[in-house]
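# Fold and geometry: a report
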Amino acid sequence: MSRVTRGSGTPWVGNDVVDLSNPRVVDKHGDLRFLNRVFTPDEREVIKESVDPPLDLWGMWAAKEAAFKIVAKWSPTPPPFEHKAFAVAWGSEDRGTNPYGRVLRAGRVRYGAHVAIRVEITRTGHVLAALAWPADEGAPEGSRVLDGTVLSLSDPGARWARDLDELRKRLTRAEVASVHSLPSAAVRLGARSALSRAWNVQESRLEIVCDPGPIGRRPPRVLLDGSACDADVSLAHDGAWIAWAYTFVRSPSVGS
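A brief structural summary.

Calculation criteria
Residues numbered from 1 in each chain as written. Predicted model: local features only at pLDDT ≥ 70, side-chain atom pairs only at ≥ 80, totals over all residues. Heavy atoms only, no water. Pairing = 2+ DSSP bridges. Helix = DSSP H or I, 4+ residues; strand = E, 2+ residues; numbered from the N terminus. Salt bridge = Lys/Arg side-chain N within 4 Å of Asp/Glu carboxyl O. Buried < 20%, exposed > 50% of the residue type's maximum accessible area, 1.4 Å probe, protein only. Phe/Tyr/Trp six-rings, centres within 6.5 Å; stacked < 30°, edge-to-face > 60°. Lys NZ or Arg CZ within 6 Å of the ring centre and 35° of its normal. Axes fitted to C-alpha atoms, helices over the stretch in contact; angles between N-to-C directions. Parallel < 35°, antiparallel > 145°, perpendicular 65-115°, else oblique. Left-handed = near helix turned anticlockwise from the far one by under 90°. Contact = heavy atoms within 4.5 Å.

### Some details on the sheet that holds strand β9 (residues 206-210)
Strand order in this open sheet of 3 strands is β9-β10-β11, and the pairing throughout is antiparallel. In the strand order of this sheet, the two ends are held by β9 and β11 (227-228), each with one partner. Of the pairings in the sheet, the one linking β9 to strand β10 (residues 220-224) comprises 5 bridges and is antiparallel in character. Paired with Cys 210 across the two strands is Pro 220, which belongs to β10.

### A look at the pattern of salt bridges
It is possible for side chains bearing opposite charge to pair when their charged atoms get close. Counted under the stated rule, the structure contains 12 salt bridges. The partner of Lys 28 in a salt bridge is Asp 31, with the nearest N and O atoms 3.2 Å apart. Overall, Asp 31 belongs to the partly exposed group, its relative accessible area being 26%. In this structure, the salt-bridge partner of Glu 43 is Lys 64, at a minimum N-O distance of 2.9 Å. Here the residue Glu 43 occupies a position in helix α2 (residues 41-49), and Lys 64 occupies one in helix α3 (residues 53-74), the gap between them amounting to 21 residues.

### Describing the packing of aromatic side chains
A full pass over the atoms with the stated rule returns 10 aromatic pairs. Judged by centre distance (6.1 Å) and plane angle (80 degrees), the rings of Phe 68 and Phe 86 are edge-to-face. Residue Phe 68 is located in helix α3, and its partner Phe 86 is located in strand β3 (residues 86-90); the two are separated by 18 residues in the primary sequence. Relative to Tyr 111, the ring of Phe 86 has its centre 4.4 Å away and its plane inclined at 20 degrees; by these criteria the two rings are stacked. With a gap of 25 residues between them, Phe 86 in strand β3 and Tyr 111 in strand β5 (residues 101-111) connect regions that are remote in the sequence. Connected via pairs of aromatic rings, a cluster forms that spans Phe 34, Phe 39, Trp 58 and Trp 61. The ring of Phe 34 carries Lys 28 above its face, with NZ or CZ at 4.8 Å from the centroid.

### Observations concerning the packing of α2 against α3
Between α2 and α3, whose axes approach to 7 Å, the crossing angle comes to 150 degrees. On the basis of the axis angle, α2 is roughly antiparallel to α3. Crossing of α2 against α3: the hand is right-handed. Contacts from Glu 43, Val 46 and Ile 47 in α2 reach Pro 53, Asp 56, Leu 57, Met 60 and Lys 64 in α3.

What follows is the structure, given as structure tokens:
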């Protein structure tokens, strides 16, 4: 089988999802206090001139969230999340499709003087999703695999259509320590199952864990047979929706 390898060139990924039907997100483009707190002057101008203000506002919000998840993994200690420190600029990048669907916005997120993260925004119905990866990695192609999905918690046929206690039984002790809600458990189960299929390994060999620390500042890590591997995963949930994304470098070497 093709398997994940360790070494240089570790790939990174970040994601976020926004339920646009949630009452808390409605008409925020008219909330000046919120806009001034979260967005730079250039971003506020884009939202003001937009033909679809919710798309641009929450697209930028999701882009910042996804970019922060990458920066938090780079940093020995995740920095405080200050939305304005992550500056979004839509660009002319290819707006084809990504694992989440048709790309409606694409651009870069700048953090500090040197960090640039590419981001793509998709929308399916009232669900908006962001997918991000370091700009210097180029398009995720060739030996680098990037995949993920957005799914509803209310799907009656889903493996997470259970209560939280039941879902915890399907996770390892280390994984349970990172779970704080039913969506948190469900998105781990979904991502773990997807990774097992992508790698052609038994799901029991995989774990998605977080280091100790405050919720929101503990990036998830993928373990294969209890050890870190040259792969990355990002998890998100909002309202009735969960989303995951993963990336890894595929090796032609064979092992089990």
